[in-house]
Amino acid sequence: MSSGKGYLGVTPPISTNESSAREKEVTATLMEELRRQGVFESEEESKTREIVLGRLAALVKKFVRRVSLARGLSEAAADAAGGKIYTYGSYRLGVHGSGADIDTLCVVPRHVTREDFFNVFEGMLREMEGVTEVSGVPEAYVPVIKTEISGIPIDLVFAQLSLASIPEDLDLSDDNLLRNLDDQSVRSLNGPRLINEILRLVPNVDVFRDALRCIKLWAKKRAIYSNVNGFLGGVAWAMLVARVCQLYPNAVAGAVVSRFFVIMEKWAWPQPVLLKPIEDGPLQVRVWNPKLYPQDRAHRMPIITPAYPSMCATHNVMASTQQVMTEEFQRGTAIVDDVMLGKAEWSALFEKHDFFHRYRFYLQVSASSRNLDTQNKWSGTVESKIRQLVMRLEFVDALKLAHPFIKGFDVVYYCLSEEEAQAVSRGEIPDAVARRKQEDVAGKEGVITMYTTSFFIGLSIKPKEAGSTGPRRLDISYPTAEFIKMVKLWDKYDESAMTIVVRHIKHTALPDCVFDPGEREAAGRPKKRTRGIKDSPAPAAKRARTEPEIRSRPSSSASPTRPPASSHQVLQSSSAETRASSSMLNELPHTTASANTPDPMTVAASA
């Protein structure tokens with residue numbers, strides 16, 4: 001599909017030349033590296049996906065029939081009501097790898113509601129053979145049920161059409177289907193509709209897929225692949241690659257990847273990325289328009305979906321995450337240039353991120369509960385709000401960057417007493433509990449299983465201003481308190497069953513679960529660094545005057561003589577109490593040595 005002007009896209013190609021011999025050579029080595037990285041799934045897994053999707057399609061029809069009968073429809077009408085699933089995302093694009101989830105849309109007739117989807121269908125999923133996980137997040141921007149069937153993870157979204165029944169040959173490209181739909185259904189339908197458009201708007205689908213596999217792998221390795229946490233999701237990355245393919249229609253995959261980094265590094269954001277002109281339509285649905293909608297003007301890196309109604313796929317991007325991605329584009333440009341010159345291998349592009357080695361200080365947000373199903377929903381809700389915490393942190397004067405990690409870390413603790421369970425819920429993990437394994441409690445009575453999920457935000461602090469004296473104060477009490485209040489507004493929040501803890505920790509206090517085996521030890525090997533306070537040969541009395549004192553104000557229920565549990569802040573919402581604490585932090589930067597005495601910083605936080 002090409003425009004009337006003979007090219008795809010909103011502007012002419014930058015070059016229509018064929019790729020050089022060197023570009024074809026590096027493309028071959030790129031495909032070899034992608035195979036080594038395991039981005040292609042096995043034939044067996046591919047067959048399992050087809051079987052799972054078939055079973056899921058049958059369950060959707062059964063679900064629609066059950067609801068139809070409950071609404072008073074006849075047996076014949078209930079049988080004819082239909083119900084279909086449509087795949088989209090990486091699976092529909094043909095770039096999914098082993099273990100990847102399948103983005104799936106559930107389309108139902110008008111008498112089946114979203115409440116039915118989360119109440120009736122979610123329950124049916126739990127009873128389905130081979131299902132090991134079901135977690136609904138109805139409050140998400142696009143409400144979703146996350147599930148795993150026969151080892152295949154699936155994200156299910158929902159669309160209620162204004163039709164009495166869903167025919168087997170329903171074509172979602174028909175814009176008239178969008179009539180009389182709510183915004184959530186329109187957003188859900190936009191998934192498969194835009195994937196079809198993307199595939200029609202690239203000059204060479206095979207080249208597009210090979211280049212996209214590379215960019216997806218790079219984004220995941222560098223921890224910038226997460227729409228919910230303010231980075232780009234799979235669809236946004238696909239549209240960026242598709243746009244570069246349009247600009248170089250005859251280039252091979254290696255050349256497309258090379259141009260990708262150069263173009264994205266220099267892109268004049270917030271100029272939008274478009275695969276085709278934005279189309280207006282007769283329907284009463286909102287189309288992305290920064291001239292009309294102030295919310296659209298606020299988008300920092302707008303990447304606009306090509307299917308009507310056009311939407312911004314990157315509305316979650318924040319100042320902090322944009323800065324992180326820009327730095328990664330710059331890194332990618334330098335590495336790919338070296339690859340083209342024969343000075344580097346493709347493997348250098350895919351080196352693991354250094355998030356947990358990059359910062360001196362982190363915020364750890366931990367959600368916990370005593371039931372796995374409850375925990376799946378609770379942690380999913382907390383994760384969907386992490387971006388709101390980051391946005392609030394960006395307004396803290398002393399912070400230069402608040403960098404969220406792209407996923408949470410699940411840890412299960414086995415407690416032998418209520419006291420141990422309460423400690424875990426407060427984020428204070430006793431050593432005995434941390435070491436205890438499931439086999440250690442086998443056969444014991446009264447074991448309390450605590451499910452926890454932790455999310456991390458790296459904090460980069462602004463340099464001390466020239467001429468300033470004394471410690472600086474980093475006050476994060478307001479953003480953290482507002483975040484906790486927001487999370488607790490969830491209509492299914494149960495204070496007796498769910499807890500959330502926000503802790504400010506040093507990099508040395510990061511839990512082992514965030515590191516690969518041996519990674520922490522390798523990073524902790526002695527390195528040459530500039531001598532700081534702790535290295536100083538000054539007398540102990542002088543060092544004591546120089547090093548900060550850790551101060552902590554106990555909560556109203558604490559004993560005035562009780563020592564603080566730790567030197568970091570604990571922000572807790574499992575009770576009505578408000579806890580505030582502050583500490584003076586003077587550690588050297590973790591990744592960069594400083595020639596000057598490190599600046600003490602007071603960190604205050606409360607919930």
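Residues numbered from 1 in each chain as written. Predicted model: local features only at pLDDT ≥ 70, side-chain atom pairs only at ≥ 80, totals over all residues. Heavy atoms only, no water.

A. Representation of the overall build of the protein in the model. The helix and strand inventory of the protein stands at 18 helices and 15 strands. The proportion of buried residues among the 607 residues of the protein is 52%. Approximately 28100 Å² of the protein is accessible, and the part contributed by carbon and sulfur atoms is 49%. (Helix = DSSP H or I, 4+ residues; strand = E, 2+ residues; numbered from the N terminus. Buried < 20%, exposed > 50% of the residue type's maximum accessible area, 1.4 Å probe, protein only. Areas by Shrake-Rupley, 256 points an atom, 1.4 Å probe, with all protein chains shown as cover.)

B. Region of the structure containing the confidence of the model for the protein. Summing up the model confidence of the protein, the mean pLDDT is 86 and the portion of residues at 70 or higher is 85%. For the protein, the element scoring lowest by mean pLDDT is strand 12 (residues 551-553), at 29; helix 11 (residues 319-340) scores highest, at 98. Note that residues 526-607 has pLDDT below 50 and, in this model, 163 contacts with residues that lie over four places away or in other chains. (pLDDT = per-residue confidence, 0-100. Contact = heavy atoms within 4.5 Å.)

C. Molecular detail of the packing of aromatic side chains. For the structure shown, the criterion picks out 27 aromatic pairs. Judged by centre distance (4.8 Å) and plane angle (85°), the ring pair of Trp218 and Phe261 falls under edge-to-face. Highlighted residues: Trp218 in helix 7 (residues 205-221) and Phe261 in helix 9 (residues 253-266), separated in sequence by 43 residues. The pair Trp218 / Phe261 is uniform in exposure class, with both members buried. Considering the side-chain rings of Phe405 and Phe409, the 5.7 Å spacing of their centres and the 15° angle between planes classify their relative orientation as stacked. Taken together, the ring pairs connect Phe355, Phe356, Tyr359, Tyr362, Phe405, Phe409, Phe456 and Phe515 into an aromatic cluster. In this arrangement the basic side chain of Lys220 is found over the ring face of Tyr225, its NZ or CZ atom lying 4.9 Å from the centre. It is Arg259 that lies over the ring of Tyr248; its NZ or CZ is 4.9 Å from the centre. (Phe/Tyr/Trp six-rings, centres within 6.5 Å; stacked < 30°, edge-to-face > 60°. Lys NZ or Arg CZ within 6 Å of the ring centre and 35° of its normal.)

D. Layout of the nonpolar core. Judged by nonpolar contacts, the single largest core of 104 residues is most densely connected at Phe208, Trp218, Trp237, Phe260 and Phe356. Per-element tally for this core: the top contributor is helix 8 (residues 234-247), with 10 residues. With sequence-adjacent residues up to four places away left out, Phe260 is seen in contact with Ile215, Trp218, Trp237, Leu240, Val241, Val244 and Phe329. (Core = buried A, V, L, I, M, F, W, Y, C linked by side-chain atoms within 4.5 Å.)

E. Structural view of helix 6 (residues 183-200). In a regular helix each residue adds 1.5 Å, so 18 residues correspond to 26 Å; helix 6 covers 25 Å between its end C-alpha atoms and thus fits that length. In the structure, helix 6 departs most strongly from a straight axis at Gly191, where the bend amounts to approximately 35° and where the proline Pro192 lies between one and four residues downstream. Of all 18 residues that make up helix 6, 14 are buried, and the element is covered over most of its length. (Expected span 1.5 Å × (residues − 1). Bend = angle between axes of the 7 residues up to and from the residue.)

F. Inspection of the side chain of Ser366 at higher detail. Its place among the elements puts Ser366 in strand 6 (residues 361-369). A polar contact of 3.3 Å, which involves the side chain of Ser366, links it to the side chain of Gln364. At 2.8 Å, the side chain of Ser366 and the side chain of Ser454 are in polar contact. If we ignore the near neighbours within four places in the chain, the residues touching Ser366 are Thr453, Ser454, Thr499, Ile500 and Val501. (Polar contact = N/O pair within 3.5 Å; in protein donor to acceptor, adjacent residues only side chain to side chain.)

G. View of the environment of Phe456. You can see Phe456 is positioned in strand 9 (residues 448-461). Between the alpha carbons of Phe456 and Ile386 there is a distance of 9.2 Å; along the sequence they are 70 residues apart. In contact with Phe456, other than residues within four places in its own chain, are Phe355, Phe356, Leu363, Gln364, His403, Pro404, Phe405, Phe409, Ile505, Leu510, Pro511 and Val514.

H. Structural detail: the sheet that holds strand 2 (residues 102-108). Ordered by their spatial adjacency, 5 strands build an open sheet running 1-2-5-4-3, and the pairing between neighbours is mixed. The sheet is open, and its two borders are formed by strand 1 (84-88) and strand 3 (131-137), each paired with just one other strand. Each adjacent strand pair in this sheet contributes to an overall mean axis angle of 25°, direction not counted. Pairing analysis gives 5 bridges linking strand 4 (residues 144-149) to strand 5 (residues 152-160), with the strands arranged antiparallel. Pairing of Ile149 across the sheet is with Ile152, part of strand 5. Across the sheet, helix 5 (residues 114-127) is in contact with strand 2, strand 3, strand 4 and strand 5; its angle to strand 4 comes to roughly 15°. (Pairing = 2+ DSSP bridges. Axes fitted to C-alpha atoms, helices over the stretch in contact; angles between N-to-C directions.)

I. The arrangement of the packing of helix 1 (residues 21-36) against helix 9 in detail. Relative orientation of the contacting elements helix 1 and helix 9 amounts to 95°, with a least axis distance of 7 Å. Considering the angle they form, helix 1 stands roughly perpendicular to helix 9. For the pair helix 1 and helix 9, contact is made by Glu23, Thr27 and Leu30 and by Ala253, Gly254, Ala255, Val257 and Arg259, respectively. Taken together, the residues of the contact of helix 1 with helix 9 break down into 4 nonpolar, 2 polar and 2 charged. (Parallel < 35°, antiparallel > 145°, perpendicular 65-115°, else oblique. Nonpolar A, V, L, I, M, F, W, Y, C, P; charged D, E, K, R; others polar.)

J. Summary view of unusual backbone geometry. A cis geometry characterises the amide bond from Trp269 onward to Pro270, with omega recorded as 10°. Relative to the elements of secondary structure, Pro270 occurs in the loop between helix 9 and helix 10 (294-297). That bond from Tyr308 to Pro309 is cis: its omega, 0°, falls within 30 degrees of zero. Its place among the elements puts Pro309 in the loop between helix 10 and helix 11. Positive phi is not limited to glycine here, since Asn180 has a value of about 65°. Its location among the elements puts Asn180 in the loop between strand 5 and helix 6. One non-glycine residue, Ala223, lies in the positive phi region at around 60°. Summarising the element assignment, Ala223 is placed in the loop between helix 7 and helix 8. A relative accessible area of 2% places Ala223 in the buried class.

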